[in-house]
Amino acid sequence: MKHKYISIILFSLLASSCNTLNNSSFDNNQLVISEIKKNDEGKTYYSVDDKPITPIGVQIRTDLLIYEENKDFSEIEKYFQIAKDIGFTLVEIPLRWKDSEKSEDIYSFKDLGKILNIANNLSLKVEILLFGTNTTGWSDNVPQYIKNDEVKYPRYKSINTPSGLFLKQDDENLLNREGKWVNALMDSISLWSTNNNNAHVVSAIQIHNESDTFPRFILAQQNIMTLDGKRKLSDIEAWKETLAAYDYLGKIVKNSSYKCITRVNVAQAYKDSWQGFVKDIFDLEGIDIVGDDTYEQTVTFNKMVIEDFNSKDLFNKNNFPHISENDGSYISTPSLILASIAMGGGYMVYDLATPEIATTTYGWDDWSLIDNKTLAYKEHTYLTKDIILGINKAG
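Scoring rules and cut-offs
Residues numbered from 1 in each chain as written. Predicted model: local features only at pLDDT ≥ 70, side-chain atom pairs only at ≥ 80, totals over all residues. Heavy atoms only, no water. Core = buried A, V, L, I, M, F, W, Y, C linked by side-chain atoms within 4.5 Å. Buried < 20%, exposed > 50% of the residue type's maximum accessible area, 1.4 Å probe, protein only. Helix = DSSP H or I, 4+ residues; strand = E, 2+ residues; numbered from the N terminus. Contact = heavy atoms within 4.5 Å. Polar contact = N/O pair within 3.5 Å; in protein donor to acceptor, adjacent residues only side chain to side chain. Pairing = 2+ DSSP bridges. Axes fitted to C-alpha atoms, helices over the stretch in contact; angles between N-to-C directions. Patch = residues over 30% accessible without salt bridge, like charges linked within 9 Å, V, L, I, M, F, W, Y side chains within 5 Å. Areas by Shrake-Rupley, 256 points an atom, 1.4 Å probe, with all protein chains shown as cover. Salt bridge = Lys/Arg side-chain N within 4 Å of Asp/Glu carboxyl O. Lys, Arg positive; Asp, Glu negative; His and termini not counted. Charge placed at Lys NZ, Arg CZ, Asp CG, Glu CD. Parallel < 35°, antiparallel > 145°, perpendicular 65-115°, else oblique. Left-handed = near helix turned anticlockwise from the far one by under 90°. Nonpolar A, V, L, I, M, F, W, Y, C, P; charged D, E, K, R; others polar.

Participant: Before we go on, may I ask you to explain the nonpolar core in this structure?
Facilitator: Nonpolar side chains in soluble globular proteins generally cluster together in the buried interior. Counting residues in hydrophobic clusters, the biggest one holds 94 residues, and the most contacted among them are F80, I128, I205 and I281. Top contributing element to this core by residue count: helix α7 (residues 172-195), with nine residues. Setting aside anything within four residues of it in sequence, one finds F80 in contact with I60, T62, V91, I93, I115, I118, A119, L122 and L124.

Spelled out as structure tokens, the structure:
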């Protein structure tokens, strides 16, 4: 298998830079790996290799497990095996920009290649979550060379956190660099697929992660100022650049040699008036679907999200409604999954096992579906497994 990892690195180093994308339609001659389709009843569904799948997923924080806790891949494989045993059809993995471009134009996706090998051996699909310029409103996941160059890559100042990094997302230099990274990623995925009997393991790319938090929450919480420091940045300005980044990066995926579903996850949309900004995201040419990270344990609430996120008025019934994240520690998880799937949507658990470094060093909550220290099942994990396996069996 070693030659496959080496080829991924070499191909990534030679990946061509991306050009600015126009608004024309995408290449109809591309091989389409995954897409959102409609059945005879007009309901949307998630399709991979022209076959419907039921997207019941779980996030595994491979970024923290590999780069912060230094776990080897024999340990990483245990997490994927547990996800498979529970019945999940896909696994979500974060890909931090800083981990795959440590020096300018030097890309390495060897660890991603190892992850795809594990998933492929277990017949799991993978959704890659791009942790780039805007991750929950912050720019901490960009490469060091970008952090170091304040002139070429302008950033906003925060009154509340002067050391915080908040890059201007639609800056031409920054978009070009982030676009080159995404382009190199997609070429590497395509090469990995070719080297593995055309296996299509990657089913979707999530563009950024809860980027809506920048205009919705971070702007006010951090007192973000304009580049000249003369006034506060407006939410309209913040939304404009957030949407531009979504669209630009999404189009790169759609125009790549490995064309797959692009999606965006928004953070607890119902905390304010959500219809306008969610529709603005959905209407972008580079984005296929939008989901909500609800973090709500009642079945009634999550059913409302599934229904609302494919309403005729906002989405013309073309969105694939899904819970893009919800707390895995909720004892109601089995019921939440069942309700979402029964309504024709998807459901993603966050997360399988919250890395210990996140809870002990970073002070995060423990959102684990299983015990994050022993990897043993919790009480509600057993019923979660029964529900998912039953759904899979029913088809």
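Participant: Explain the side chain of S100 here, please?
Facilitator: Checked against the element boundaries, S100 lands in helix α4 (residues 97-100). Only 3.4 Å separates the side chain of S100 from the backbone oxygen of R96, close enough to count as a polar contact. Apart from the residues lying within four places of it in its own chain, the contact partners of S100 are L95, I106, Y107, S108, F109 and W181.

Participant: Would you mind showing me how to read the sheet that holds strand β1 (residues 34-38) here?
Facilitator: Strand pairing in a sheet relies on backbone hydrogen bonds. The paired strands run either parallel or antiparallel. Pairing within the open sheet is antiparallel, and its three strands lie in the order β1-β2-β3. Edge positions in the sheet fall to β1 and β3 (51-53), since each has one partner strand and no second. Along the sheet, successive strands turn relative to each other by an average axial angle of 50°, direction set aside. Pairing analysis gives five bridges linking β1 to strand β2 (residues 44-48), with the strands arranged antiparallel. The residue of β2 that forms the bridge with K38 is T44.

Participant: I would appreciate a short explanation of a positive patch on the surface in the present structure.
Facilitator: On the surface, K38, K43, K312 and K317 cluster together into a patch of positive charge. In this structure, K317 sits in the loop between α12 (312-315) and β12 (322-327).

Participant: What exactly am I supposed to notice about the side chain of S311 here?
Facilitator: Mapped onto the elements of the fold, S311 is located in the loop between α11 (299-308) and α12. When residues no more than four places from it in sequence are discounted, the contact partners of S311 are N316 and K317.

Participant: Please explain the pattern of salt bridges as it appears in this structure.
Facilitator: Note on pairing: side chains with opposite charge can pair once their charged atoms come close. Going through the model one piece at a time under the given rule, you end up with 20 salt bridges. Salt-bridge contacts for K37 lead to D50; the nearest nitrogen and oxygen are separated by 2.0 Å. On the criterion of sequence distance, the pair formed by K37 in strand β1 and D50 in the loop between β2 and β3 is long-range, its members being 13 residues apart. Note on D50: relative accessible area 56%, which makes it exposed. Two residues, E69 and K71, come together in a salt bridge whose shortest N-O distance is 3.8 Å. Given a relative accessible area of 22%, E69 falls into the partly exposed group. Put simply, E101, E104, D105, R177 and K180 are held in one network by salt bridges that share partners.

Participant: Would you mind showing me how to read the packing of α11 against helix α13 (residues 333-342) here?
Facilitator: Helix packing for two helices is described by the angle between their axes and how far apart those axes are. Two elements in contact, α11 and α13, have axes whose closest approach is 9 Å; the angle formed by their N-to-C orientations is 30°. Considering the angle they form, α11 stands roughly parallel to α13. Regarding α11 and α13, the two cross each other, and that crossing is right-handed. Facing α11, whose interface residues are V299, N302, K303 and I306, α13 presents S335, L336, A339 and S340. Among the residues making up the contact of α11 with α13, the classes are represented as four nonpolar, three polar and one charged.

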